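These are the residues of each chain, in order.
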Protein chains: 2
Amino acid sequence: MKSVKECLNNLKKKGFKLTPQRQAVIEYLEGNSSHPSAADMFREVKKKYPMISFATVYNTLKMLGEAKEIISLTIGFDKVNFDPNTEQHGHFFCQNCGKIIDIFPDKKMKIEEIEGYQINDRQIYYYGICSECLKANNLDEL
Amino acid sequence: MKSVKECLNNLKKKGFKLTPQRQAVIEYLEGNSSHPSAADMFREVKKKYPMISFATVYNTLKMLGEAKEIISLTIGFDKVNFDPNTEQHGHFFCQNCGKIIDIFPDKKMKIEEIEGYQINDRQIYYYGICSECLKANNLDEL
DNA sequence: GTACTTGCAAACAGTTTGCATAGGC
DNA sequence: GCCTATGCAAACTGTTTGCAAGTAC
């Protein structure tokens, strides 16, 4: 997702209807690097658009995924998180505070080939302790 | 998990009790590259050990994870899958047949460092169509 | 006007939990 | 004998679904 405007154009081109609910979700996601879950989105979007429902959030996320405007992360073990940045990059999951942090490689990552397979996507997940938690030394139990 | 015997020794050393149920799960997992889910394990182990319960399967998997005898994969979007091979390697998820396939790199993969972070683990997930599905051309809807 | 989207609530799947009983060490 | 593990069922969480009413185009 490069910008709200481009995203809306892309969706319109693909025949999706642009409801106010969908636009509210898109506006919340644009430039958001916090990797929100569906519940995070529901909670936040509801503040500005109180009549939105959970089903609509999921519906919108599914549509944005199909339109390749967002990617889904399964880095957490219980729920799915979403990232509007569809450029190839990795993710770090802090096992202490639960934050998901973008990891951009030094050089442009190219997805390797695997003989005989068609690769549509790759995700690289790192698990560990983030610098903030290491500094604060407020490790819960590790 | 290198072998059932080594695994049992390791668990004993760490103070875990070796119940028949746990041994049945370990024997099922040893050398198993099918990346079973908890439900798969429950179904299969039950055949040889009919009185096992779901809670015990989850309990055993949690213990094996803590003992670093297995790794958990979140490559699927709904459930967790398990791999008794704890050597660094990637995984491929076929978006057509749902199979999870081990991907071993040509050269020994080293986990990169990330300045200021402590990395405990890394997972690389590939998504696409496996060679079997490509050959069979029995693509459901893609 | 038509077809798709919404909101709601109920359903669903995977996983976790509480507790009495059983069993490893 | 102690303390942890088991089995069962119920609870819980994240996500999906069915359907009547609403709305983008």
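Described below are features of the structure shown in this document. These figures come from a predicted structure and were not determined experimentally.

Take Q95 of chain A: it is sitting in the loop between strand 3 (90-94) and strand 4 (100-103). Once the C-alpha coordinates of Q95 of chain A and Y126 of chain A are considered, the two residues, 31 residues apart in sequence, prove to be 10.0 Å apart. Reaching out from Q95 of chain A, the side chain makes a polar contact with the side chain of N120 of chain B at a distance of 2.7 Å.

All names here are of chain B. Applying the stated criterion across every chain, the model contains zero disulfides over all chains. Of the cysteine sulfurs around C97, a residue in no disulfide, the closest is that of C94, at 3.6 Å. The partly exposed category is assigned to C97, whose relative accessible area is 37%.

Moving on, we get to the sheet that holds strand 3 (residues 90-94) of chain B. Here six strands make up an open sheet; going across it, the order is 4(A)-3(A)-5(A)-5(B)-3(B)-4(B) and the pairing mixed. With one partner strand each, in any of the chains shown, strand 4 of chain A together with strand 4 (100-103) of chain B form the two edges of the open sheet. Sheet twist, expressed as the mean angle between neighbouring strand axes with direction ignored, is 25 degrees. Pairing of strand 5 (residues 118-129) of chain A with strand 5 (residues 118-129) of chain B involves 11 bridges; the strand directions are antiparallel. Residue pairing across strands places I129 of chain A opposite Q118 of chain B, the latter belonging to strand 5 of chain B.

Moving on: helix 4 (residues 54-66) of chain A. Residue and element names in this part refer to chain A. For helix 4, which comprises 13 residues, the first-to-last C-alpha distance of 19 Å matches the rise-based estimate of 18 Å (1.5 Å per residue) to within 8%. For helix 4, the set of buried residues is V57, T60, L61, M63 and L64. Projection of helix 4 onto a plane perpendicular to its axis shows the buried side chains occupying an angular sector of 165 degrees, all on one side. Opposite the buried face of helix 4, at more than 90 degrees from it, the exposed residues are A55 and K62.

We now examine the protein's contact with DNA strand C. Contacts to DNA strand C come from 19 residues, most closely from T19, Q21, M51 and N59 of chain A together with Y58 of chain B. Protein-adjacent atoms of DNA strand C, using a 4 Å cutoff, are sugar or phosphate at a proportion of 78%. K17 of chain A is positioned with one of its side-chain polar atoms (N or O) 3.3 Å from a sugar or linking oxygen of DNA strand C. For DNA strand C, a phosphate oxygen lies 2.4 Å from a polar atom in the side chain of N59 of chain A. Among the secondary structure elements, those contributing two or more residues to the surface near DNA strand C are helix 2 (20-29) and helix 4 of chain A together with helix 4 (54-66) of chain B. Here the element with the most residues in the surface near DNA strand C is helix 4 of chain A; it accounts for three residues.

Okay, the interface of chain B and chain A next. Each partner contributes to the interface: chain B provides 29 residues, whereas chain A provides 29 residues. Our count for the chain B to chain A interface comes out at zero salt bridges. In this structure, the connection of chain B to chain A is made through 13 residue pairs in polar contact (both at pLDDT 80 or more). Secondary structure elements with two or more residues in the side of chain B that touches chain A: strand 4, strand 5 and helix 5 (131-136) of chain B. Counting residues per element, the side of chain B that touches chain A draws most heavily on strand 5 of chain B, at 12 residues. Looking at the side of chain B that touches chain A, its residues break down into 16 nonpolar, 10 polar and three charged.

Parameters and conventions
Residues numbered from 1 in each chain as written. Chains lettered and ligands numbered in written order. Predicted model: local features only at pLDDT ≥ 70, side-chain atom pairs only at ≥ 80, totals over all residues. Heavy atoms only, no water. Helix = DSSP H or I, 4+ residues; strand = E, 2+ residues; numbered from the N terminus. Polar contact = N/O pair within 3.5 Å; in protein donor to acceptor, adjacent residues only side chain to side chain. Disulfide = S-S within 2.5 Å. Buried < 20%, exposed > 50% of the residue type's maximum accessible area, 1.4 Å probe, protein only. Pairing = 2+ DSSP bridges. Axes fitted to C-alpha atoms, helices over the stretch in contact; angles between N-to-C directions. Expected span 1.5 Å × (residues − 1). Arc of directions from axis to C-beta. Near = heavy atom within 4 Å. Contact = heavy atoms within 4.5 Å. Salt bridge = Lys/Arg side-chain N within 4 Å of Asp/Glu carboxyl O. Nonpolar A, V, L, I, M, F, W, Y, C, P; charged D, E, K, R; others polar.

Read these as geometric descriptors, not functional statements.
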